[in-house]
2 protein chains.
Amino acid sequence: MNAERLPLVAVTVGDPAGVGPEIAVRALTNRAIRDSVRGFLIGDAVQIAHVAAACELAADVEPIGAPGDARSDTRIIPVLSEGSLGDVVHGQVRAEYGLAAVSYIERAVELARNGLVDGIVTAPINKEALKAAGSRYPGHTEMLAALFGTPEQQTYTMFTVERLRIFFLTRHHSLARAIPLITTDRVRTAIIDIDRLLRMLGVDHPRIAVAALNPHAGEHGLLGDEEDEIIAPAIDAARETGLDVVGPIPADSVFWQCRQGAHDAVLSLYHDQGHIAAKTLDFFGTVSVTLGLPVIRTSPEHGTAFDIAGSWVANPAGQEAAMISAAQLAPRVLGSRDAMPAGQTEQ
Amino acid sequence: MNAERLPLVAVTVGDPAGVGPEIAVRALTNRAIRDSVRGFLIGDAVQIAHVAAACELAADVEPIGAPGDARSDTRIIPVLSEGSLGDVVHGQVRAEYGLAAVSYIERAVELARNGLVDGIVTAPINKEALKAAGSRYPGHTEMLAALFGTPEQQTYTMFTVERLRIFFLTRHHSLARAIPLITTDRVRTAIIDIDRLLRMLGVDHPRIAVAALNPHAGEHGLLGDEEDEIIAPAIDAARETGLDVVGPIPADSVFWQCRQGAHDAVLSLYHDQGHIAAKTLDFFGTVSVTLGLPVIRTSPEHGTAFDIAGSWVANPAGQEAAMISAAQLAPRVLGSRDAMPAGQTEQ
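For clarity, every value in this text was computed on a predicted model and none was experimentally measured.

Calculation notes
- Residues numbered from 1 in each chain as written.
- Chains lettered and ligands numbered in written order.
- Predicted model: local features only at pLDDT ≥ 70, side-chain atom pairs only at ≥ 80, totals over all residues.
- Heavy atoms only, no water.
- Pairing = 2+ DSSP bridges.
- Helix = DSSP H or I, 4+ residues; strand = E, 2+ residues; numbered from the N terminus.
- Axes fitted to C-alpha atoms, helices over the stretch in contact; angles between N-to-C directions.
- Contact = heavy atoms within 4.5 Å.
- Parallel < 35°, antiparallel > 145°, perpendicular 65-115°, else oblique.
- Left-handed = near helix turned anticlockwise from the far one by under 90°.
- Least-squares fit on C-alpha atoms with pLDDT ≥ 70 in both.
- Buried area = accessible area lost by both parts, 1.4 Å probe.
- Salt bridge = Lys/Arg side-chain N within 4 Å of Asp/Glu carboxyl O.
- Buried < 20%, exposed > 50% of the residue type's maximum accessible area, 1.4 Å probe, protein only.

A. Quick look at the sheet that holds strand E1 (residues 8-12) of chain B. Residue and element names in this part refer to chain B. Within the open sheet, the 12 strands sit side by side as E3-E4-E2-E1-E5-E12-E11-E6-E7-E10-E8-E9. Their pairing is mixed. Edge positions in the sheet fall to strand E3 (60-63) and strand E9 (244-249), since each has one partner strand and no second. Between one strand axis and the next, the sheet turns by 30° as a mean value, whatever way the strands run. Two strands pair when backbone bridges link them, and strand E8 (residues 207-211) and strand E10 (residues 265-268) are joined in this way by 3 bridges, in the parallel orientation. Looking at E10, one finds that Val210 is bridged to Leu267. Of the strands in this sheet, strand E2 (38-43), E3 and strand E4 (76-81) touch helix H3 (residues 45-54), which is tilted by about 155° from E4. Helix H11 (residues 271-281) contacts strand E6 (156-161), strand E7 (164-168), E8 and E10 of the sheet and is inclined by roughly 155° relative to E7.

What follows is the structure in structure tokens.
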């Protein structure tokens with residue numbers, strides 16, 4: 001494909017003291033990645049040049065003034081430079097690093113709002129540094145939703161790894177608090193949302209599976225009654241409207257089935273249910289996709305790894321997978337931007 | 001290795017109406033399996049011959065009178081025949097089939113008690129059929145414990161797949177009921193038990209990891225306080241006695257880490273936590289091992305699959321993995337039979 005026709009993706013390098021800049025540079029200089037996506041970094045060009053040299057990559061930083069200037073050449077690292085950090089102390093929580101990470105994201109959103117990029121890939125940020133910087137957002141999704149002016153409840157997290165697509169009914173709650181949040185209305189609405197999101201992503205006839213909450217899907221009430229009383233009625237209601245949905249399926253089978261192609265997506269009822277499935281399978285291959293924003297946004301499913309930052313041994317596989325996913329999903333989302341639904345799965 | 005020196009394993013074919021006889025025969029006639037383990041089937045020799053013919057296997061049933069008569073030859077299916085079923089109707093719950101399945105297990109236990117086999121591999125049984133047969137045991141583990149006279153709380157289920165070893169703190173409870181069963185005392189005792197069991201299995205210096213209950217291991221209380229208040233104190237107490245134990249580690253990382261060799265075993269706090277990890281990774285490669293009985297017992301982690309029984313398309317990979325595991329673990333358990341601990345992980 002003509003390189004200029006590839007999806008154009010902005011990569012925010014994340015917290016400068018973490019592994020973000022390193023994995024961003026490594027992924028961008030990987031030929032297989034560059035063959036699939038046209039990308040550039042948003043960060044401090046001087047720091048990024050230092051990182052590239054420390055990693056002994058045969059590539060030079062090329063400052064650019066606009067996304068369209070980014071050349072598709074693995075020997076070049078196009079950087080839209082933002083701020084100046086001086087010498088970075090790796091592995092440290094600092095307000096200035098938190099502020100820098102936020103400024104990269106703000107810049108990416110500005111570009112996206114102006115239609116200059118097809119997607120955003122975010123390298124890891126650090127919650128403590130964000131807090132130290134006075135940011136009121138606990139993470140990327142909340143920040144992106146606010147910057148884009150998208151209501152948070154209209155954003156959706158989807159995990160992809162291998163053939164798995166996983167959506168979440170609940171996420172950042174203790175397990176004990178997540179259980180009562182599983183209601184028939186929420187499950188039904190989530191199924192409807194997932195159907196629309198999958199169609200938007202190019203799945204013509206979405207086949208959705210809902211995971212069970214209890215062992216053996218409750219075994220007819222013996223091991224819990226949520227399946228019979230809450231989840232099955234939601235599935236029945238969704239099915240009556242013509243949706244192709246099955247479940248509740250025992251959680252130790254449903255993700256395996258999806259890997260084999262039996263389902264197009266699985267609704268995970270709580271955080272760890274889908275997280276364990278995806279990340280045990282391939283920790284670095286698991287990509288978190290945010291749907292519902294004006295552009296596609298992807299990220300690796302790992303953190304800043306302060307313990308190894310600056311040792312130049314970070315694994316860029318997660319960042320690479322995120323770039324590939326962004327390229328694959330971006331055109332579809334762009335092509336159906338008006339089809340974004342409102343809904344109730346949690347980000 | 002001299003075939004006569006291989007571990008000798010009794011294979012109960014399970015419910016005759018399920019896929020058990022089929023996968024048992026397929027596994028036993030697989031050369032790679034026979035090179036690792038000496039096995040024979042316990043079931044109705046006439047049914048088993050019918051299954052072998054239906055599967056078009058180039059092997060003949062050879063009735064044997066005692067385990068020691070079992071020849072290691074893939075063209076021969078040694079069968080210790082038990083009962084006579086007549087024509088089997090596949091996929092049906094019948095009391096007589098439940099009774100037959102029980103009789104196979106009773107025979108295997110009798111052989112094991114007399115020191116005639118090194119291990120038992122159990123093909124799937126059907127709970128409904130057991131119930132129809134008037135059995136008071138819901139499954140294999142309870143039945144085996146009773147037949148061997150081993151207190152149930154002294155038996156332990158361990159899952160193995162790839163490099164993963166998973167033990168369970170709780171299992172057959174609804175998720176809501178499992179959470180309050182997670183106590184400091186139970187976690188601490190489970191760690192001690194796992195350490196002893198791993199040593200028994202030949203792990204010289206067991207490195208144990210405890211999974212967290214909540215997302216991000218509770219994130220310092222923000223997403224749940226069980227980690228700080230219940231789990232960490234148990235780990236500290238175990239560590240003070242010299243055990244090598246880490247945690248609580250977020251559940252979406254700990255199983256991945258174990259796959260990479262960072263831990264020798266993971267303590268899963270609830271059923272689906274460990275089940276999702278193992279079976280999403282490799283549904284048919286996941287083997288359930290029962291420890292604490294006088295012999296090692298393994299089984300595939302799938303059921304009777306009544307929907308495909310008699311279609312001769314069943315996947316024997318789970319049964320094969322169970323046979324390999326039995327062979328690998330049997331000598332170790334036999335060599336340290338007196339070292340079996342009492343304890344509190346659930347079967």
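B. How the structure looks around the packing of helix H10 (residues 251-259) of chain A against H11(B). At a closest axis distance of 8 Å, the pairing of H10(A) and H11(B) adopts a crossing angle of 25°. The orientation of H10(A) relative to H11(B) falls into the category roughly parallel. Between H10(A) and H11(B) lies a crossing of right-handed hand. For the pair formed by H10(A) and H11(B), the contact residues are A:Ala251, A:Asp252, A:Phe255, A:Trp256 and A:Arg259 on the first element and B:His271, B:Asp272, B:His275, B:Ile276, B:Lys279, B:Thr280 and B:Leu281 on the second.

C. Structural view of the relation of the copies chain B and chain A. The two copies are related by a screw motion: chain B maps onto chain A through a turn of 180° and a shift of 0.0 Å along the axis, at an RMSD of 0.0 Å. In the structure described here, the two chain copies are related by an operation that fits a two-fold rotation axis.

D. Spotlight on the interface of chain B and chain A. With 35 residues of chain B at the contact, the number on the chain A side is 35 residues. When chain B packs against chain A, close to 3100 Å² is buried across both sides, 62% of that on carbon and sulfur atoms. Three residues stand out in chain B for area buried against chain A, namely B:Asp252, B:Trp256 and B:Thr280, and they jointly supply 21% of the buried area on that side. The residue A:Glu219 makes a salt bridge to B:Lys127 at a minimum N-O spacing of 3.3 Å. At the level of secondary structure, the elements contributing two or more residues to the side of chain B that touches chain A comprise helix H7 (175-178), helix H10 (251-259) and H11 of chain B.

E. Region of the structure containing the side chain of A:Asp73. By secondary structure assignment, the location of A:Asp73 is in the loop between strand E3 (60-63) and strand E4 (76-81). With a relative accessible area of 18%, A:Asp73 lands in the buried category.

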